[in-house]
Amino acid sequence: MGRPVRIAPSILSADFARLGDQVRAAEDAGADVIHVDVMDGHFVPNITIGPLVVSAVRAVTSLPLDVHLMIEQPERFVAAFAEAGADILTVHPEATVHLHRVLQQIRGLGLRAGVALNPSTSEHALAYVGAYTDLVLVMTVNPGFGGQRVIPEVFEKIARVRAFLDAHSPSAWLSVDGGIDPQTAPQVVAAGADTLVAGSAIYAAQAGIAAAIGALRLAAATA
């Protein structure tokens, strides 16, 4: 494997009535990042949360907050999420007319800038923004809802993104989101992922949050 693997629990699958406790539990269990999915009901067919919830999560954890903006025209809200306490803002190429400008805007506020690739979005979308990208998020499911199964054709794309980052932005993270569990984790890590976003595999696990994070780490180590 050769590189450390980060575990990034997605609060999309958390119990929002106990959100603070569930975020703390993930941190106590050794999570490396907290992943926050923001959906607007336009770019994806679901509505989730906004800056107020990010601010609330920021208040209960010292972990980096990776805020995944599944929203149209994300440039309108970059400053608000930065003020709320995000450390990373990840946007979709299809959601903005000027991807390069948005990545510069994010970095200009002192945050790390990410680009998310939907299953049908080519890695070629990174061609002219690699130098401005701190994280690439490869979606292995169509975004909008948790608990989906991995689209297997995406594994090859993970490997191609890994090769691109090694050549153009070696310090950038390669994050994978969608259907990540102990069965799929070794495959995506073997393909080159170094950050695993998992929602239901952590927050819906019968064994509990700590055991679920441990199982993911163990599985990733077998890649």
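A. Geometry of the nonpolar core. The biggest cluster of nonpolar side chains holds 64 residues, and the ones touching the most others in it are Ile11 and Leu196. Apart from the residues lying within four places of it in its own chain, the contact partners of Ile11 are Phe16, Leu19, Val23, Ile34, His35, Val36, Ile49, Val57 and Tyr203. Counting residues in hydrophobic clusters, the runner-up holds 10 residues, among them Ala8, Val33, Ile88 and Val197.

B. The arrangement of the sheet that holds strand E7 (residues 173-177) in detail. Taken in spatial order, the 8 strands of this open sheet run E1-E8-E7-E6-E5-E4-E3-E2, and their pairing is parallel. If you trace the sheet from one side to the other, it starts and ends with strand E1 (6-9) and strand E2 (34-39), each paired once. Averaged over neighbouring strand pairs, the angle between their axes works out to 25° when direction is ignored. Strands in contact with helix H2 (residues 51-58) are E2 and strand E3 (65-70); relative to E3, the strand with the most contacts, it is inclined by about 170°.

C. View of the pairing of strand E5 (residues 112-117). Of all 6 residues in E5, 5 are buried, a share of seventy percent or more. For strand E4 (residues 88-91) and E5, the ladder comprises 4 bridges, and the chain directions are parallel. Within E5, the residue paired with Val91 across the bridge is Val115. Note that the unit made of E4, helix H4 (residues 99-108) and E5 has a crossover that is right-handed. Alignment of E5 against strand E6 (residues 135-139), held across 4 bridges, turns out to be parallel. Residue pairing for E6: Ala116 is matched across the bridge by Leu137.

D. Quick peek at the side chain of Lys157. Residue placement: Lys157 occurs in helix H5 (residues 154-168). Not counting residues up to four positions away in its chain, the partners in contact with Lys157 are Leu117, Asn118, Pro119, Ser120, Thr121, Glu123 and Val138.

E. Focus on the environment of Gly114. Its place among the elements puts Gly114 in strand E5. Other than its neighbours up to four places away in sequence, Gly114 contacts Leu89, Thr90, Val91, Leu103 and Leu135.

F. Summary view of the packing of aromatic side chains. Counted by the stated rule, this structure contains 0 aromatic pairs. Lying across the ring of Trp173, Arg6 places its NZ or CZ 3.9 Å from the centre. Geometry around Trp173 places Arg112 over its ring, the cationic atom sitting 4.6 Å from the centre.

G. Seen up close, the environment of Ala116. Residue placement: Ala116 occurs in strand E5. Taking the C-alpha atoms as reference points, Ala116 and Gly50, 66 residues apart in sequence, are found 18 Å from one another. Setting aside residues no more than four positions away along its own chain, Ala116 makes contact with His68, Thr90, Val91, His92, Pro93 and Leu137.

H. Spotlight on unusual backbone geometry. Although it is not a glycine, Gln73 adopts a positive phi angle of roughly 50°. By the secondary structure assignment, Gln73 is in the loop between E3 and helix H3 (78-84).

I. Quick look at H5. Compared with the 21 Å implied by 1.5 Å per residue over 15 residues, the 21 Å span of H5 between its first and last C-alpha is a close match. Taken as a whole, H5 has its buried residues at Val154, Phe155, Lys157, Ile158, Val161, Arg162, Phe164 and Leu165. Where H5 is buried, its residues meet E5, E6, E7 and helix H6 (185-191).

J. Representation of the pattern of salt bridges within the structure. Going through the model one piece at a time under the given rule, you end up with 10 salt bridges. Here Arg160 ties to Glu156 by a salt bridge, and the two come within 4.0 Å at their closest N and O atoms. Taken together, the residues Arg160 and Glu156, both in helix H5 and 4 residues apart, mark about one turn of the helix. We classify Arg160 as partly exposed; its relative accessible area is 39%.

K. Representation of the side chain of Asp194 in the model. Structurally, Asp194 can be placed in the loop between H6 and strand E8 (195-198). Engagement of the side chain of Asp194 in a polar contact is seen with the side chain of Arg162, the distance being 3.3 Å. Non-local contacts of Asp194, meaning those with residues more than four positions away in its chain, are made with Arg3, Pro4, Val5, Arg6, Arg162, Ala172, Trp173 and Leu174.

Quick notes on the rules
Residues numbered from 1 in each chain as written. Predicted model: local features only at pLDDT ≥ 70, side-chain atom pairs only at ≥ 80, totals over all residues. Heavy atoms only, no water. Core = buried A, V, L, I, M, F, W, Y, C linked by side-chain atoms within 4.5 Å. Buried < 20%, exposed > 50% of the residue type's maximum accessible area, 1.4 Å probe, protein only. Contact = heavy atoms within 4.5 Å. Pairing = 2+ DSSP bridges. Helix = DSSP H or I, 4+ residues; strand = E, 2+ residues; numbered from the N terminus. Axes fitted to C-alpha atoms, helices over the stretch in contact; angles between N-to-C directions. Right-handed = clockwise from strand over helix to strand, strands pointing away. Phe/Tyr/Trp six-rings, centres within 6.5 Å; stacked < 30°, edge-to-face > 60°. Lys NZ or Arg CZ within 6 Å of the ring centre and 35° of its normal. Expected span 1.5 Å × (residues − 1). Salt bridge = Lys/Arg side-chain N within 4 Å of Asp/Glu carboxyl O. Polar contact = N/O pair within 3.5 Å; in protein donor to acceptor, adjacent residues only side chain to side chain.

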